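Breakdown of the fold
Below, each chain spelled out in residue letters.
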Amino acid sequence: MQIVCCVKQVPDTTQVKIDPATNTLVRAGVESICNPYDLVAVEAAVKITEKYGGSVSVITMGIPSAEVQLRECLSLGAHQAILVSDRALAGADTLATSYTLASAIQKLNEIDPVQIVMCGKQAIDGDTAQTGPGIATRLGFTQLTYVSQIIGLDIQKQTITVRREIENASQIIEAKLPVMLTVELELGAARYATLPGLIKAIKHEIKVWGAKELSCTAEKCGLKGSPTSVKTIFAPPPRKGGPVYDTTEGMDQAVNSLLDTLFQKEAAIMSEILSNDSKVKNA
Ligand SMILES: Cc1cc2nc3c(=O)[nH]c(=O)nc-3n(C[C@H](O)[C@H](O)[C@H](O)COP(=O)(O)OP(=O)(O)OC[C@H]3O[C@@H](n4cnc5c(N)ncnc54)[C@H](O)[C@@H]3O)c2cc1C
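Residues numbered from 1 in each chain as written. Predicted model: local features only at pLDDT ≥ 70, side-chain atom pairs only at ≥ 80, totals over all residues. Heavy atoms only, no water.

Remarks on the packing of aromatic side chains
How we decide: The criterion for an aromatic pair is that two Phe, Tyr or Trp rings (for Trp, the six-membered ring) have centres within 6.5 Å, with stacked assigned to planes under 30 degrees apart, edge-to-face to planes over 60 apart and tilted to the rest. Sitting over a ring, as applied to charges here, requires NZ of Lys or CZ of Arg to be within 6 Å of the ring centre and within 35 degrees of the ring normal.
Applying the stated rule across the entire model yields zero aromatic pairs. Above the face of the Trp209 ring, Lys107 is positioned so that its terminal group lies 5.0 Å from the ring centre.

Shown next, in the form of structure tokens:
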């Protein structure tokens, strides 16, 4: 059984800046990290293989420096890593990204059957949460999104049972393999790399695949295969601070002012009702 984890190199969001002239993210000089949700997926995948056997392949589509994030995943227990990188793939929107990643997973599947694909719930930069479902649709895999717990895997029945988060509730679902999961942070934090893990990661050969190796249709890749156009991108204005209640003059005064603020509207309505009431009585 092969599990494929899709991992994305993202800028460390605490440092993200937007170039107001070009409406693009300023990536120069910004540290890159592995999308946090994707590390959670790698940890879950490694745990599955520790329990049930099989291997974990990590795959990223990105620039050559994304190799660093792949090596991080190898140090955490992934067995092989593939960097999908090619100028022909640049400028991809989520449609082209999921097409290209699905083509790479298809190639891995020809070597060793892929039973589970794992993606993060979302990338912390692009944030669309579209890539995972796009991959599942192209591969014809069942998709289980927002997974917060892997309850069990039945290798004989070829099923997986997971808990997934929905608005104000959780669902427990059993599905037939092969599946694509998008994972929540609650699934569990990644382990710390061990020294042997780090050494293995440094020495490991990373496969690099381009559009040719993936036999991709040129019209479906990169800018050519991307119908989305970004009209504008902007940072929301910083929030103004809320009211401050000074307790130096005494706690009671501060609490009274807070209650006044909270119930200002209600107090106005009440006084209007009372004044109407007294007008009726006096009439
Ligand atoms: C017109 C257009 C042009 C763009 N041009 C560029 C560009 O030139 N360079 C650029 O970096 N971005 C570019 N982008 C952004 C890029 O399309 C998205 O970052 C990408 O498609 C993934 O979408 P997302 O970030 O919303 O990820 P989501 O869909 O939120 O990600 C969910 C999960 O999918 C997986 N995933 C997502 N992306 C990858 C990946 N690349 N490799 C492996 N796994 C992945 C991860 O598991 C991730 O947790 C462009 C977008 C548009 C609309």
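There is more to say after this.
Here we look at the state of the cysteines
We apply this condition: In this description, the term disulfide denotes a pair of cysteine sulfurs within 2.5 Å.
One pass over the full model with this rule turns up zero disulfides. Here Cys6 is not cross-linked by a disulfide; its sulfur's nearest cysteine counterpart is in Cys119, at 3.9 Å.

Considerations on the nonpolar core
Burial of nonpolar side chains together is a common tendency in soluble globular proteins. This is how it is decided: Only buried residues count toward a nonpolar core. Its members are Ala, Val, Leu, Ile, Met, Phe, Trp, Tyr and Cys residues joined through side-chain atoms within 4.5 Å. Relative accessibility under 20% of the residue-type maximum defines a buried residue, over 50% an exposed one, and the middle range a partly exposed one, all with a 1.4 Å probe and only protein chains included. Put simply, DSSP marks the helices as runs of H or I at least four residues long and the strands as runs of E at least two long, and each gets a number from the N terminus on. Only heavy atoms matter for contacts: two residues are in contact if any of them lie within 4.5 Å across the pair.
Counting 37 residues, the largest nonpolar core has Val58, Ile116, Met118, Ile160 and Leu181 as its most contacted members. Broken down by element, the residue count for this core peaks at eight residues, all from helix α1 (residues 36-52). In this structure Val58 touches Cys5, Val7, Val42, Leu70, Cys73, Ala78, Gln80, Ala81 and Ile82, once residues within four positions along its chain are discounted. Formed by 26 residues, the second largest nonpolar core is a distinct cluster that contains Cys6, Tyr99, Ile105 and Cys216.

Let's talk about unusual backbone geometry
Backbone torsion omega between Leu177 and Pro178 reads 5°, so that peptide bond is classified as cis. Within the element layout of this structure, Pro178 appears in the loop between β11 (169-176) and β12 (179-183).

Some words on the sheet that holds strand β1 (residues 2-6)
Applied cut-off: Only when DSSP finds a minimum of two bridges between them are two strands counted as paired. Here an axis means a line fitted to C-alpha atoms, over the contact stretch when the element is a helix, while the angle between two N-to-C directions is reported on a 0 to 180 degree scale.
With mixed pairing, nine strands are arranged side by side in an open sheet as β11-β10-β9-β12-β8-β1-β6-β7-β13. The open sheet is flanked by β11 and β13 (207-209), the only strands paired with a single partner. The mean angle between the axes of side-by-side strands here comes to 35°, regardless of whether they run parallel or antiparallel. As defined by bridge partners, strand β9 (residues 142-154) adjoins strand β10 (residues 159-166) across six bridges and the pair is classed as antiparallel. Counted as the bridge partner of Asp154 is Thr159 from β10. Against the sheet, α1 contacts β1, β6 (55-61), β8 (114-120), β9 and β12, and its axis sits at roughly 150° relative to β8. Those strands touched by helix α2 (residues 67-75) are β6 and β7 (80-84), and its axis lies near 165° from that of β7.

Some remarks on the layout of surface pockets
Using the following cut-off: Buriedness of a pocket was judged along seven lines, with at least five required to meet protein on both sides within 12 Å; pockets are open sets of points on a 1 Å grid over the protein atoms alone, cavities are sets where a 1.4 Å probe fits but cannot get out, and lining residues have an atom within 4 Å of a point. Grid points are joined across faces, edges and corners, and a volume is the space filled by probe spheres set on the points.
Considered as a void within the structure, the second largest pocket measures approximately 210 Å³ in volume. Along the walls of the second largest pocket sit 14 residues, with Ala44, Lys47, Ile48, Ile150 and Ile151 positioned nearest its centre. If you list the elements that add at least two residues to the lining of the second largest pocket, you get α1 and β9. No other element matches α1, which puts seven residues into the lining of the second largest pocket.

Side note on the site of the ligand
Worth spelling out the cut-off: Note on terminology: near, applied to a residue and a molecule or strand, indicates that one of the residue's heavy atoms is within 4 Å of it. N or O atoms closer than or at 3.5 Å make up a polar contact, with two conditions inside protein: a donor-capable atom paired with an acceptor-capable one, and, for residues adjacent in sequence, both atoms drawn from side chains. A 1.4 Å probe and the Shrake-Rupley method give the accessible areas. Residues count as covered only by the protein chains that appear here. Only Asp, Glu, Lys and Arg are considered charged, only Ala, Val, Leu, Ile, Met, Phe, Trp, Tyr, Cys and Pro nonpolar, and every remaining residue, Gly among them, polar.
Close to the ligand lie 28 residues, the nearest being Cys6, Lys8, Asp38, Ala92 and Thr128. Take Thr128: an N or O atom from its side chain is 2.6 Å from an oxygen atom of the ligand. In the complex, 80% of the free accessible area of the ligand, which totals 930 Å², lies under the protein chains. Of all the secondary-structure elements, those providing two or more residues to the shell around the ligand are β6, α3 (94-111) and β8. Considering only residue class, the shell around the ligand consists of 10 nonpolar, 12 polar and six charged.

Here's the deal with the domain arrangement of the chain
By a widespread convention, an interface's size corresponds to the accessible area lost as its parts come together. Counted only if it meets this: As used throughout, domain bounds are those supplied by an automatic or database domain assignment.
As assigned here, the chain comprises domain 1 (2-220) and domain 2 (251-282). Computed over C-alpha atoms only, the centres of domain 1 and domain 2 are separated by 56 Å.

As for the environment of Thr145
In this fold, Thr145 is placed in strand β9. A relative accessible area of 14% means that Thr145 is categorised as buried. In sequence terms Thr145 and Thr161 are 16 residues apart; their C-alpha atoms lie 13 Å from each other. Setting aside anything within four residues of it in sequence, one finds Thr145 in contact with Pro133, Arg164 and Thr182. Looking at Thr145, its side chain comes within polar contact range of the side chain of Arg164, at 2.8 Å.

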